[in-house]
Amino acid sequence: MKGDQELQVIVQHGKESDPTVEEERNQTGESHSNRYKRWLLVSVYTFFVISGQSVATILGRLYYDNGGNSKWLATVVQLVGFPVLLPYYLLSSKTHTTTHRDDGKAVLHRNRVLVYLALGVLVGGDCYLYSIGLLYLPVSTFSLICASQLAFNAFFSYFLNSQKLTPIILNSLLLLTISSTLLAFNSEESNFKKVTRGQYVTSFICTIGASAGYGLSLSLQQLAFSKVLKRQTFSEVMDLIIYVSLVASCVSVVGLFASGEWETLSSEMDSYKLGKVSYVMNLVWTAVTWQVFNIGSTWLIFEISSLFSNAIGVLGLPVVPALAVIIFHDKMNGLKVISMILAIWGFMSYVYQHYLDDKNLKKSLGIPTTGSSDSPEAKGSSAQKIQTPAS
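The rules behind each value
Residues numbered from 1 in each chain as written. Predicted model: local features only at pLDDT ≥ 70, side-chain atom pairs only at ≥ 80, totals over all residues. Heavy atoms only, no water. Helix = DSSP H or I, 4+ residues; strand = E, 2+ residues; numbered from the N terminus. Buried < 20%, exposed > 50% of the residue type's maximum accessible area, 1.4 Å probe, protein only. Contact = heavy atoms within 4.5 Å. Areas by Shrake-Rupley, 256 points an atom, 1.4 Å probe, with all protein chains shown as cover. Axes fitted to C-alpha atoms, helices over the stretch in contact; angles between N-to-C directions. Left-handed = near helix turned anticlockwise from the far one by under 90°. Nonpolar A, V, L, I, M, F, W, Y, C, P; charged D, E, K, R; others polar. Expected span 1.5 Å × (residues − 1). Bend = angle between axes of the 7 residues up to and from the residue. pLDDT = per-residue confidence, 0-100. Patch = residues over 30% accessible without salt bridge, like charges linked within 9 Å, V, L, I, M, F, W, Y side chains within 5 Å. Salt bridge = Lys/Arg side-chain N within 4 Å of Asp/Glu carboxyl O. Polar contact = N/O pair within 3.5 Å; in protein donor to acceptor, adjacent residues only side chain to side chain. Phe/Tyr/Trp six-rings, centres within 6.5 Å; stacked < 30°, edge-to-face > 60°. Parallel < 35°, antiparallel > 145°, perpendicular 65-115°, else oblique. Core = buried A, V, L, I, M, F, W, Y, C linked by side-chain atoms within 4.5 Å.

**Q** Residues and numbers for the overall build of the protein, please.
**A** Counting secondary structure elements, the protein contains 16 helices and 0 strands. Counting all 391 residues of the protein, 45% fall into the buried class. Considering only contacts in the protein between residues 6 or more positions apart, those separated by 24 or more positions represent 87%. For the protein, the accessible surface area stands at approximately 20100 Å², while carbon and sulfur atoms represent 66% of it.

**Q** Explain the packing of helix H7 (residues 148-160) against helix H9 (residues 197-229) to me, using residue names and the numbers behind them.
**A** Look at H7 against H9: their axes get within 8 Å of each other, and the N-to-C directions meet at 40°. The handedness of the crossing between H7 and H9 comes out as right-handed. Between H7 and H9, the contacting residues are Ser 148, Gln 149, Phe 152, Asn 153, Phe 156, Ser 157 and Leu 160 on the first element and Ile 208, Ser 211, Ala 212, Tyr 214, Gly 215, Leu 216, Leu 218, Ser 219, Leu 220 and Leu 223 on the second. Split by residue class, the contact of H7 with H9 holds 10 nonpolar, 7 polar and no charged.

**Q** Break down the environment of Phe 82 for me, with residues and values.
**A** Looking at the secondary structure, you find Phe 82 in the loop between helix H3 (71-76) and helix H4 (86-92). Accessibility expressed as a relative area gives 12% for Phe 82, which makes it buried. Separated by 162 residues in sequence, Phe 82 and Val 244 place their C-alpha atoms 9.6 Å apart. With sequence-adjacent residues up to four places away left out, Phe 82 is seen in contact with Ile 242, Ser 245, Leu 246, Ser 249 and Gln 291.

**Q** Talk me through H9; I want residue IDs and the actual numbers.
**A** Residues three or four positions apart in an α-helix share a direction because the helix packs 3.6 residues into each turn. In a regular helix each residue adds 1.5 Å, so 33 residues correspond to 48 Å; H9 covers 45 Å between its end C-alpha atoms and thus fits that length. The axis of H9 is deflected most strongly, by about 35°, at Leu 223. At the C-terminal side of H9, Lys 230 shows a positive phi close to 70°.

**Q** If you had to explain the side chain of Thr 207 to someone new, which residues and values would you point to?
**A** Looking at the element boundaries, Thr 207 is found in helix H9. When residues no more than four places from it in sequence are discounted, the contact partners of Thr 207 are Gly 133, Leu 137, Phe 142, Ile 145 and Cys 146.

**Q** Can you lay out the confidence of the model for the protein for me, pointing to particular residues and giving the numbers?
**A** A residue-level look at the protein finds 77% of positions with pLDDT of 70 or above and a mean pLDDT of 77. By mean pLDDT, the top-scoring element of the protein is H3 (95), and the lowest-scoring one is helix H16 (residues 376-390) (37). In this model, residues 2-17 is a region of pLDDT below 50 whose contacts with residues beyond four sequence positions or in other chains number 7 contacts. Between residues 369-391, whose pLDDT stays under 50, and residues either more than four places distant or in other chains, the model counts 16 contacts.

**Q** Go over a nonpolar patch on the surface with me, naming the residues and quoting the values.
**A** Taken together, the side chains of Val 277, Val 280, Met 281, Val 284 and Trp 285 define a hydrophobic patch exposed on the protein surface, amounting to about 470 Å² of accessible area. Inspection of the secondary structure assignment puts Val 277 in helix H12 (residues 276-303).

**Q** I'd like a rundown of helix H15 (residues 334-365), residues and numbers included.
**A** The end-to-end C-alpha distance of H15 is 47 Å, a good match for the 46 Å that 32 residues give at a rise of 1.5 Å each. Listed in full, the buried residues belonging to H15 are Lys 336, Ser 339, Met 340, Leu 342, Ala 343, Gly 346, Phe 347, Ser 349, Tyr 350 and Gln 353. Following H15 by one or two positions, Gly 366 has its phi on the positive side, about 65°.

**Q** Can you explain the side chain of Asn 153? Please cite residues and give values.
**A** By the element assignment, Asn 153 lies in helix H7. By relative accessible area, which is 0% here, Asn 153 ends up buried. A polar side-chain atom of Asn 153 sits 2.7 Å from a polar atom in the side chain of Ser 219.

**Q** I'd love a proper account of the packing of aromatic side chains, names of residues and values included.
**A** One pass over the full model with this rule turns up 14 aromatic pairs. When the centroid spacing of 5.4 Å and the interplanar angle of 70° are considered together, the rings of Phe 155 and Phe 156 count as edge-to-face. Note on Phe 155: relative accessible area 46%, which makes it partly exposed. For Phe 156, a relative accessible area of 21% puts it in the partly exposed group.

**Q** Please set out the packing of helix H5 (residues 109-136) against H9 residue by residue, giving values where relevant.
**A** The N-to-C vectors of H5 and H9 enclose an angle of 160°; their axes lie 7 Å apart at closest approach. For the element pair H5 / H9, the angle class is roughly antiparallel. Taken as a pair, H5 and H9 cross one another with a handedness that is left-handed.

**Q** Could you give an account of the nonpolar core, naming the residues involved and the relevant values?
**A** Nonpolar side chains in soluble globular proteins generally cluster together in the buried interior. Counting 78 residues, the largest nonpolar core has Tyr 63, Leu 73, Met 238, Leu 240, Tyr 279, Trp 299 and Leu 300 as the members making the most contacts within it. In terms of residue count, the dominant contributor to this core is H5 (10 residues).

**Q** Describe the pattern of salt bridges, and please don't skip the residues or the numbers.
**A** In this structure the tally under the stated criterion is 4 salt bridges. Lys 71 serves as the salt-bridge partner of Glu 261, at 3.9 Å between the closest nitrogen and oxygen. One end of the pair, Glu 261, is in the loop between helix H10 (234-259) and helix H11 (265-270); the other, Lys 71, is in helix H3, and 190 residues separate them in sequence. Assessed through its relative accessible area of 15%, Glu 261 is described here as buried.

Written out as structure tokens, the structure reads:
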């Protein structure tokens, strides 16, 4: 009995005198906790992207269906909502102090301004193309064509961000490309709101162009973080969102006045089918929801990559067409159903590749799994302490 007590005392003393095992356990626990927090944030930003994109697209279609005709105004509201982010920025900047990457080198203000100007002009023109596309296309068709932005983003990421194009990724891009191309042969769309075939083709081409521009802008944002801005902090991400939105807003406002569409806005509001209040509220909430999408998209670039951010946007594909059938009574013919299936299949292929990459990365880094506290090293250390009194 006394020997057992001595053995227990020796084992307990051994555990207390060797802090290595406890440190490893604490580090493992912290790594698991940080990983869970990271993916929780990714989930939140994913919700921002899907919900913001879906609601904003539906509101944009409502604007056109009820008497709205200004393409430049539809562009402006996609961009001018960025001031709603300022209170969040000011309140959260003190708590978000962690840095994902910082090489310690100061960024020249000239380079920073050039990044904001280039991305702002690109985003402003891209939003205008989207406005033209949504004007003459059913929202279900519009959202399915937008799936091609993932293929464009992968193409640009290959050259700008050293993105690897595995067979699974190429399969995903091929499926998404076919999904969008099928809709070019949809003969029923020419009857939508008495749209001519020429108007349909114009909107189709503009939507493809907008998808290409969006894919390019995401790749350029990721390139800017890695090559020019050098840092990936909360303030850097928010600065990029706000200043790019400011430049793009200026571009769209100039377009609104240069085109002369601003002169018709008063009569447009008076003749809006749902009333003046609904007209204003539509524009306000369209602006807000696009900023929800904007911050979610940019943060996903920040946390993972531009291609992943774009893939999450594609994940919202089933949401918009389903809502369009209910709200706008869009027709879901066989060609659209096939297109949607191919788009979802393409997205799932990309997600599977990301899962494989994440799994291989954990394996190469030797990240311990749950229960690693009972590792052979720990057991061996305890066994030596137990055998000591016997010797």
